[in-house]
Amino acid sequence: MRIRGEALELAFRVVLSCPCPVTHAQEVAVFRHLRDLAPDEVMDYAPVLAGFDSTDTPFHGLAAFVSWTAEDDDPLIERHHVLRCNASSYHWEVAAATLSGKSRIVSSVSSYLLSHTIVPVSVAAGEGGSPAARYRYEGGEAAFDNIFLPAEYDPASAARWAFHLGTVLSPLSDAEAALVSRLNEANDQLVLHRARVARVDYADFELQGDYAGFCRRRHAPFWGGGDTF
């Protein structure tokens, strides 16, 4: 199995937005691969996975997802695979399976599961100047306030962005935005729950406090002028 640089970056940004079972040292190891890889360059995926003691990570989940859908024995992970994995019912079911142990951190199942799914959003300044995102779909919309917008992104540079757990992950091409929308619409549970989510404030997310701040801290060592590797 191989992975393209732009796909590895998107997968890495998904992990940084999530309280996944991944240590900082393991994140650094993945980033070292990413730093040396051009967006269109391809590398073997095994060295990325080799940096983990457990197979219970989003990077392994991506490998399993791509293996299940592959048409040959040496699949190449592209950006669309990362989007399909995290915007579809596949990832929704993974997140839903963890709910039984999260009564201390989850107050709304609907906003929690919607937040855990990549959706296409527009990004602009919200009230008070903090960045905000809007997820618009036929028949409604959800407002995401006090989100984390990485400094390397200009919200005016794209009409739609991939959004996950309070974080703007990446600009989406028109084709990618359409793909993510189709995947969202195909998930009947997402369609049911999103109608009950009018607004999510990531400065006070669920019972977890300032989630945007958490994502900002996770991001800072890699793109925020923090540590160098």
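(A) Representation of the sheet that holds strand β6 (residues 140-145) in the model. With respect to topology, six strands assemble into an open sheet ordered β8-β7-β4-β5-β6-β9, the strand pairing being mixed. Either end of the sheet is taken by a strand with one partner, and the two such strands are β8 (167-172) and β9 (199-201). Here the average twist between neighbouring strands, direction ignored, is 35 degrees. Across five bridges, the pairing between strand β7 (residues 160-164) and β8 is antiparallel. Note on β8: the bridge partner recorded for W161 is P171. Of the strands in this sheet, β4 (119-125), β5 (131-137), β7 and β8 touch helix α8 (residues 174-186), which is tilted by about 120 degrees from β4.

(B) Spotlight on the sheet that holds strand β3 (residues 76-77). Spatially, three strands are ordered β2-β1-β3 in an open sheet, and the strand pairing comes out mixed. Looking at which strands have only one partner, the edges of the open sheet turn out to be β2 (42-44) and β3. Relative to β2, strand β1 (residues 2-4) runs antiparallel, the two being bridged by three bridges. Paired with R4 across the two strands is V42, which belongs to β2. Each of β1, β2 and β3 is contacted by helix α1 (residues 5-16), which is oriented at about 85 degrees to β1, the strand it contacts most.

(C) The arrangement of the packing of aromatic side chains in detail. Within the structure shown, the criterion is met by 16 aromatic pairs. Relative to W223, the ring of F31 lies with its centre 5.4 Å away and its plane at 85 degrees, an arrangement referred to as edge-to-face. With F31 in helix α2 (residues 24-35) and W223 in helix α10 (residues 211-223), this residue pair connects regions lying 192 residues apart in the sequence. Using a relative accessible area of 9% as the deciding quantity, one classes F31 as buried.

(D) Up close: the nonpolar core. By size, the foremost hydrophobic cluster in this structure holds 71 residues, and its most contacted members are L8, F59, V121, Y135, F144, F163 and Y202. It is α1 that provides the largest number of residues to this core, a total of eight residues. Leaving out residues up to four positions away in the same chain, F163 has contacts with T117, I118, V119, V121, A133, F144, I147, V168 and Y202.

Rules used in this analysis
- Going along each chain's sequence as written, the residues are numbered from 1 onward.
- Residues qualify for local features only when their pLDDT is at least 70, as the model is predicted, and side-chain atom pairs are given and counted only at 80 or more; totals for whole chains, interfaces and linings, by contrast, use all residues.
- The basis for every side-chain value is the complete set of non-hydrogen atoms in the structure, without hydrogens or water.
- Following DSSP output, two strands are said to pair if at least two bridges run between them.
- By definition, any uninterrupted DSSP run of H or I lasting at least four residues is a helix, any uninterrupted run of E lasting at least two residues is a strand, and each is numbered from the N terminus.
- Only the stretch in contact is used when fitting a helix axis, every axis being a line fitted to C-alpha atoms; angles between N-to-C directions are given from 0 to 180 degrees.
- Residue contacts follow a heavy-atom distance rule, with two residues in contact if any of their heavy atoms lie within 4.5 Å.
- Stacked, edge-to-face and tilted are the three classes for Phe, Tyr and Trp ring pairs, Trp counted by its six-membered ring, which pair at centre distances within 6.5 Å; planes under 30 degrees apart are stacked, over 60 edge-to-face, the rest tilted.
- For every residue, the accessible area obtained with a 1.4 Å probe (protein chains only) is divided by the maximum for its type, and the residue is called buried under 20%, exposed over 50%, and partly exposed between those limits.
- Buried Ala, Val, Leu, Ile, Met, Phe, Trp, Tyr and Cys residues that are joined via side-chain atoms within 4.5 Å together make up what is termed a nonpolar core.

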